[in-house]
Amino acid sequence: MLTSIKTNNFAGDKSKELAMMYFRVAIILFGAQLLFGLVAAFQFIVPGFLFEILDFSVARMVHINALVVWMLFAMIGSVYFMLPDETGIETVGIGIGKLAFWVFTAAVTVVVLVYILVQVGPGTESTIWLINEGREYLEAPRWADIGIVVVVLTFYANVFFTYMKGEKTGIMTVMVANLLAVSGLYLAGMFFTDNISMDQYWWWWVIHLWVEATWEVFVGALAAYALIRLIGAKREVVEMWLWIEVLMLFGSGVLGLGHHYFWIGTPEYWWEIGALFSALEPVPLVAMFVHVLYDWGKEQGIAKGQGKTGSILTNGPAMAWIVMNAFGNFLGAGIWGFFHTLPQVNIYTHGTQFTAAHGHLAFFGAYATILVGMMYIGLQSAYGIKVLKANFKSKMGIILISFGVMGMTIALTVAGYEQVLIERAELGGGWEAFFTAQNLPWYVQAQLWRMIMGVVTFVGFIYLIWDLLTIGKTQKALQAQA
Ligand code: HEM
Ligand code: HEM
Ligand SMILES: [Fe+2]
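These numbers were taken from a predicted model, which means no experiment stands behind them.

(A) Geometry of the site of ligand 1. Lining the immediate surroundings of ligand 1 are 25 residues, of which Glu136, His350, Gly351, Thr355 and His358 lie closest. In the model, an oxygen atom of ligand 1 is placed 2.9 Å from a nitrogen or oxygen of the Glu136 side chain. The separation between an oxygen atom of ligand 1 and a polar side-chain atom of Tyr137 is 3.0 Å. Ranked by residues supplied to the shell around ligand 1, first place goes to helix H13 (residues 353-382) with 7 residues. Considering only residue class, the shell around ligand 1 consists of 9 nonpolar, 12 polar and 4 charged.

Below, the structure written as C-alpha cells:
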C-alpha cells in the first residue's frame, strides 16, 4: 500500500506520518496471515496439500505469527497517531522512531523468509538463535527477540518522553503505564528452559497477560480516544469508564491466568483460582460494550435534541469497525471464552477446535476490528477529509470479513463439539480417539465450512484493501466539489 495510503499530507505532523508507515506494513501482514490461514485450512481437507513444500506446521506458524506481528505494528502505529493529539506536542524522537520502523520491518521480513526456507531441522541451540524458538505465536528466533526488545524500547522511550513533556491526559496516562506492562511481559517468553511445564508457565505470561489484560487495556484507551474523535464523546465520561475498566481488567485478567494452569503440571490450587477469576473476565468486557453503545446513543440523542438532522459521525467506516469491536470483544472473548473457562468444562474442550473457534473470534473481535478502525482514522487525517463516509467497498469489507470470521467460528465450534462428544467423552481421549473423531462427517463437514467461510473472509479483505486504497482519493475529490 501503497502510495494511496498517504504518509505525506500531515502538514508537518511527523508522528502521524510514521503511524501510516506502520499501518501499511500491518495491512500487508494481515493479508499474508489470511493467505497462510487458507493454506492451513485446506490442509485439513486435503492433508497432502503442499506436503514437504509448505507443511501444515509451517503454514499455521506463519498464520499466527503474522497475526501477532501485524497487530503489534498496527498498535504502535495507533499510538504514534494519537500521541500528538493527546499530548498537544510533536513526538520527541521521530528520526529514531523511523529508524526503528525500518529495522523492525526488515527483521520481520527476514524471520518470515527463514521460516519458509528452513522448515525442518535439528532442535539445537543454534536453531533457537537463528531459525525458530518454537513457542507458539512467538516463534521468532532469539536474535529477532533481542531486536524486538530494542525496537520496542525505542518506541517506548518516544512515547514516554513525549508524554512527560506534553499534556498528561487520562487516556495517555493509562496508555503509558500499560505499554510498559505490554513490553515488559514480552521478556517472560524469551529465556530457555528444557522443562516443558515451566516453559508453558512463563509463555502464558506473554500470551494470556497480553490478550486478556494489557492488550484489552490498550484497546480500551484506543476506543476512548477514537470515540472522542469520531462522535465528540465527552472526555470525562470516556475516561471515567476507562479507569473502571482498567481496574476490573487487571482484577480479573491477571489471576484469570489460572485457566491455562489446569493441566500443565502446575499445582491444583490453580483450578479454583483460574475458575473464579477467569469467570469474572467477561464483566469488564460487558462494561466496555455498554460504554461504547451508551456513549454512542447519548451523543446521537444530544444531536437530535439540538434539532440536527445529519449525523455527527465524522468517520463512518471507522465507527462501524469500532462498534464491531464492542460486539466482537464481548462475543469472542467474553462469551466464547467463558464457555470453556471452568475446569469442569475445560477438561473436555481443552485443545479441541473449540479453542480455535474462540481464538479466531476473540482475536478478530477484540483487536483486528479496532485496529482496522484506526487505519480509517489515519486515512481520513492523511487526506484532510472532514467527514469520511462509508461506501459500497467499505461496507462489503466489514460485512464479508465479519460474516466470514463468525462463520468460521461457528464451523469450528461444531467441530469442537464433536470432538468433545466422540473423542473425549465417548472414547476417553488418546491417539486413536483423536483420529477417529477427525474422520467422522460432523468434523469433516465443519472443516469444509470453515474453508468456505475463510474464502468469504478473504474476499472481504480484498474489498477492505481496495477501499483503503481508494477511499481517500475519491472522497477528497467529492469534498472539493461540494
Ligand atoms: C481478546 C481476548 C482474548 C483473546 C485474543 C483470546 C485468545 C485465545 C487463544 C488464541 C487461545 C488459544 C491459545 C493456544 O493456542 O493454546 C485461548 C485459549 C483460552 N482462552 Fe482465550 N482469549 C481471550 C479472552 C479470553 C477470556 C475473557 C476467557 C475467559 C473468560 C478466555 C478463556 C480461554 C481459555 C479457557 C483458553 C484455554 C483453552 C484450552 O484449554 O484449550 N479467553 N484464548
Ligand atoms: C482466511 C481466513 C482464515 C483461515 C482460513 C484461518 C485458518 C486457520 C487454521 C487452519 C488454523 C490452525 C488451526 C488448528 O491448528 O487447528 C488457524 C489458527 C488460528 N487462527 Fe486463523 N484463519 C483465518 C483467519 C484468521 C483471523 C482473521 C484471525 C484473527 C484475527 C485468526 C486467528 C487465528 C488464531 C488465533 C489461531 C490459533 C488458534 C488456536 O490454536 O487455538 N485467523 N487459522
Ligand atoms: Fe487466557
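Text resumes after the structure shown.
(B) Local environment of the coordination of the iron atom of ligand 1. In this structure, the iron atom of ligand 1 receives exactly one donor atom from the protein: His358 (NE2), at 2.0 Å. A separation of 4.3 Å is found between the iron atom of ligand 1 and the iron ion (ligand 3). Along the chain, His358 turns up in helix H13.

(C) Main features of the site of ligand 2. Around ligand 2, the surrounding shell holds 24 residues, and the nearest of these are Gln33, Arg60, His63, Gln353 and His360. One of the side-chain nitrogen or oxygen atoms of His360 is found 2.8 Å away from a nitrogen atom of ligand 2.

(D) Representation of helix H8 (residues 235-256). Helix length check: H8 (22 residues) gives 30 Å between terminal C-alpha atoms against 32 Å at 1.5 Å per residue, within 8%. Three or more residues of H8 are buried, namely Val237, Val238, Glu239, Trp241, Leu242, Glu245, Val246, Leu249, Ser252, Gly253 and Gly256.

(E) View of the pattern of salt bridges. Counting across every chain of the model gives 12 salt bridges. In this structure, the salt-bridge partner of Arg235 is Glu239, at a minimum N-O distance of 3.1 Å. Pair noted here: Arg235 and Glu239 are both in helix H8, with a separation of 4 residues, about one helical turn. What makes Arg235 partly exposed here is its relative accessible area of 27%. A cluster of three or more residues bridged by salt bridges with shared partners is formed by Asp13, Lys16, Asp85 and Arg229.

(F) Broad picture of empty space enclosed by the protein. Evaluated as defined, the whole model comprises 4 cavities of 30 Å³ or more. Computed from the structure, the largest cavity encloses a volume of approximately 250 Å³. Along its surface, the largest cavity is lined by 20 residues, and Asn65, Val69, Val111, Ala140 and Ile148 are the ones closest to its centre. When contributions to the lining of the largest cavity are tallied by element, the ones reaching two or more residues are helix H2 (56-87), helix H3 (94-117) and helix H5 (142-165). The residue makeup of the lining of the largest cavity, split by class, is 18 nonpolar, 1 polar and 1 charged. The space that makes up the second largest cavity amounts to roughly 80 Å³. Taken together, Val219, Gly220, Ala223, Glu245, Met288, Phe289, His291, Val292, Asn325, Ala326 and Asn329 make up the full set of residues lining the second largest cavity. Those elements that provide at least two residues to the lining of the second largest cavity are helix H7 (196-231), helix H10 (282-305) and helix H11 (316-339). In terms of residues, the lining of the second largest cavity owes the most to one element, H10, which gives 4 residues. Looking at the lining of the second largest cavity residue by residue, the class counts come to 6 nonpolar, 4 polar and 1 charged.

(G) Broad picture of the nonpolar core. Counting 124 residues, the largest nonpolar core has Trp70, Phe73, Trp210, Trp215 and Leu464 as its most contacted members. Among the elements that take part in this core, H7 stands out by supplying 20 residues, more than any other. Ignoring anything within four residues of it in the chain, the contact list for Leu464 reads Ile27, Phe30, Trp321, Val372, Tyr376, Gly397 and Ile401. Ranked by size, the runner-up nonpolar core spans 12 residues in total, among them Val58, Met61, Val111 and Ala144.

(H) Structural detail: a nonpolar patch on the surface. Residues Phe42, Ile45, Val46, Phe49, Leu448, Trp449 and Ile452 make up a contiguous nonpolar surface patch of roughly 570 Å² in combined accessible area. Mapped onto the nonpolar patch, the elements with two or more residues apiece are helix H1 (14-45) and helix H16 (441-481). Top contributing element to the nonpolar patch by residue count: H16, with 3 residues. Within the fold, Ile452 resides in helix H16.

Cut-offs applied
Residues numbered from 1 in each chain as written. Chains lettered and ligands numbered in written order. Predicted model: local features only at pLDDT ≥ 70, side-chain atom pairs only at ≥ 80, totals over all residues. Heavy atoms only, no water. Near = heavy atom within 4 Å. Polar contact = N/O pair within 3.5 Å; in protein donor to acceptor, adjacent residues only side chain to side chain. Helix = DSSP H or I, 4+ residues; strand = E, 2+ residues; numbered from the N terminus. Nonpolar A, V, L, I, M, F, W, Y, C, P; charged D, E, K, R; others polar. Donors = N, O, S within 2.8 Å, 3.2 Å for Na, K, Ca; no water. Expected span 1.5 Å × (residues − 1). Buried < 20%, exposed > 50% of the residue type's maximum accessible area, 1.4 Å probe, protein only. Salt bridge = Lys/Arg side-chain N within 4 Å of Asp/Glu carboxyl O. 1 Å grid on protein atoms, 1.4 Å probe; cavity = no way out; pocket = protein on both sides within 12 Å on 5 of 7 lines; lining within 4 Å. Points joined across faces, edges and corners; volume = space filled by probe spheres on them. Core = buried A, V, L, I, M, F, W, Y, C linked by side-chain atoms within 4.5 Å. Contact = heavy atoms within 4.5 Å. Patch = residues over 30% accessible without salt bridge, like charges linked within 9 Å, V, L, I, M, F, W, Y side chains within 5 Å. Areas by Shrake-Rupley, 256 points an atom, 1.4 Å probe, with all protein chains shown as cover.

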